[in-house]
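Descriptive structure summary
Single-letter residue listing:
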Amino acid sequence: MPTKVKAIEHIIIKYFNFKSVWYTCIVYYLSYQLSVTLYIKLADINLKPKMTSTISDIDIKRKASDVDLAEVSESPPKKYQSPADVNCRQGFSYARLSIHRDMIGDYERTNCYRQAILSNYKLFYKKIVADVGAGTGILSVFCAQAGAKKVYAIEGSCVTAVAREVIKVNGLEEKIVVVWGKVEEVSLPEKVDIIVSEWMGYMLLYETMLPSVLYARDNWLKQGGYVFPEKASLYLAPLSDHEEYEESVEFWHKVEKTYKVDMSVVAKTAVQERTDRVYVKSVSPEMVVAHPWQVIELDINTVSIEELQQVKGDFECKCFGYNCIHGFVVWFTVQFPGGLVLSTSPYQNETHWGQSILCIPQTDVKQDTILKGSLIIHPNQQFHRFLDIKLNYQKDESIAHSLIFKMDDLP
């Protein structure tokens, strides 16, 4: 008999002085309860979170009270269908599991959300939560594990069928309700205490999902409720990328040496091509040649949908040493209640967002050269998922320059 069972047996014989079938049942029941508690603690330790989680203090098996779901839209699809087979109502690409694999596989992203939710278990305990853009449902499961009474997992794509299976296999069907449809088109039977959403796109605002979160906040969130995350910031710094410039521009000057054909005139077109759209890549810290400037800050608790129609900020960066500037690198951070920060900075671990690059014509700088200007972002008028970006910049007191960038479906 295992040691812990013998210990329980000893206690029962000593204090109750009987041994029977009922005695055996009591011994093994208490042993089972002890095993469950130990399993929960070990499971949390094995995940090795970067922050200490208090989830082991939570009884994750608490049963939520029933809620009238008559008004909640739980439409088909009941089974997963490939995007090629069905016209999804919203976010066509998000019906593809490969997209969700990339996002969930981003440890920095997913673990940060997990820790933000579980470390705030006191906020979630017995509360009503809306997960906006729930995808395959992993954030909804985190909320339920943190003690939420009811979670509405709202998703507009066909991946809702997968979310239902995930919720079922985790034994959370009584706590999590999958709602199929756009946030602006569905209704909930009650107000919520917390809104959770992973709405951030490239350069923070690409895909323009934040307005849906704000719609949910304005229509469903109780007064004094919480939004996860609650703050977002956009940072900018000058970038030196000799390798990319060599490949895209200087290449054309070298063609003559190899093939005896002068193609240097193409370099001008190559420069123009670099400076009309946003590129996404992971940048090495040594390529950043000035301290970053916080160019935009958004308070998700108060910012309005109207304000997102044009987001603007100024910057002024002082360069390090002698170098050639090839553009500006842009990244974002978001902050959760309690202070935990998810960062896409090149100085932090890599995420699937990478960083966004705004290329400019090659510019020479020296120690303490000042690059200043402004960044203006607004949704494309025809395709609201895309962004139109205007960069104004100036080197010291020289002539100011202005460039227009597109961030379309090929970031």
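Conventions and cut-offs
Residues numbered from 1 in each chain as written. Predicted model: local features only at pLDDT ≥ 70, side-chain atom pairs only at ≥ 80, totals over all residues. Heavy atoms only, no water. Axes fitted to C-alpha atoms, helices over the stretch in contact; angles between N-to-C directions. Helix = DSSP H or I, 4+ residues; strand = E, 2+ residues; numbered from the N terminus. Parallel < 35°, antiparallel > 145°, perpendicular 65-115°, else oblique. Contact = heavy atoms within 4.5 Å. Nonpolar A, V, L, I, M, F, W, Y, C, P; charged D, E, K, R; others polar. Polar contact = N/O pair within 3.5 Å; in protein donor to acceptor, adjacent residues only side chain to side chain. Pairing = 2+ DSSP bridges.

All right, on to the packing of helix H9 (residues 242–259) against helix H10 (residues 266–274) then. Close contact between H9 and H10 brings their axes to 7 Å; oriented N to C, the two are set at 155°. By the angle between their axes, H9 is roughly antiparallel relative to H10. Where H9 abuts H10, its residues Glu244, Tyr245, Ser248, Val249, Trp252 and His253 lie against Val266, Ala267, Ala270, Val271 and Arg274. Split into classes, the residues belonging to the contact of H9 with H10 amount to 7 nonpolar, 2 polar and 2 charged.

Another aspect to go through is the side chain of Asp388. Inspection of the secondary structure puts Asp388 in strand E14 (residues 387–395). Here Lys406 takes part through its side chain, which lies 3.0 Å from a polar atom of the side chain of Asp388.

Before going further, it helps to examine the side chain of Glu198. Here Glu198 shows up in the loop between strand E4 (192–196) and helix H8 (210–220). Looking at Glu198, its side chain comes within polar contact range of the side chain of Arg109, at 2.7 Å. Looking at Glu198, its side chain comes within polar contact range of the main-chain nitrogen of Met200, at 3.3 Å. Contacts of Glu198, omitting those with residues within four sequence positions, involve Met103, Arg109, Tyr113, Val132, Leu139, Met209 and Trp353.

The subject of this paragraph is the environment of Ser248. Topologically, Ser248 is positioned in helix H9. A sequence separation of 25 residues divides Ser248 from Glu273, and the C-alpha atoms of the two residues are 9.4 Å apart. When near neighbours in sequence (up to four residues on either side) are disregarded, Ser248 contacts Ala270 and Arg274. At 3.4 Å, the side chain of Ser248 forms a polar contact with the side chain of Arg274.

Moving on: the sheet that holds strand E2 (residues 150–155). Across a sheet, strands are paired by hydrogen bonds formed along the backbone, either parallel or antiparallel in direction. The sheet built from 5 strands is open, its strands ordered E3-E2-E1-E4-E5 with parallel pairing. With one partner strand each, in any of the chains shown, strand E3 (176–180) and strand E5 (221–228) form the two edges of the open sheet. Sheet twist, expressed as the average angle between the axes of neighbouring strands with direction ignored, equals 20°. Of the pairings in the sheet, the one linking E4 to E5 comprises 4 bridges and is parallel in character. For Ile195, the partnering residue across the bridge sits in E5 and is Val227.

Strands sit in the order E9-E13-E14-E15 across an open sheet of 4 strands; the sheet is antiparallel. Looking at which strands have only one partner, the edges of the open sheet turn out to be strand E9 (311–318) and strand E15 (401–407). Strand-to-strand twist in this sheet, taken as the mean axis angle between neighbours without regard to direction, amounts to 20°. Here E14 runs beside E15; their pairing, made up of 7 bridges, is antiparallel. Considered in E15, the bridge of Asp388 is made with Lys406.

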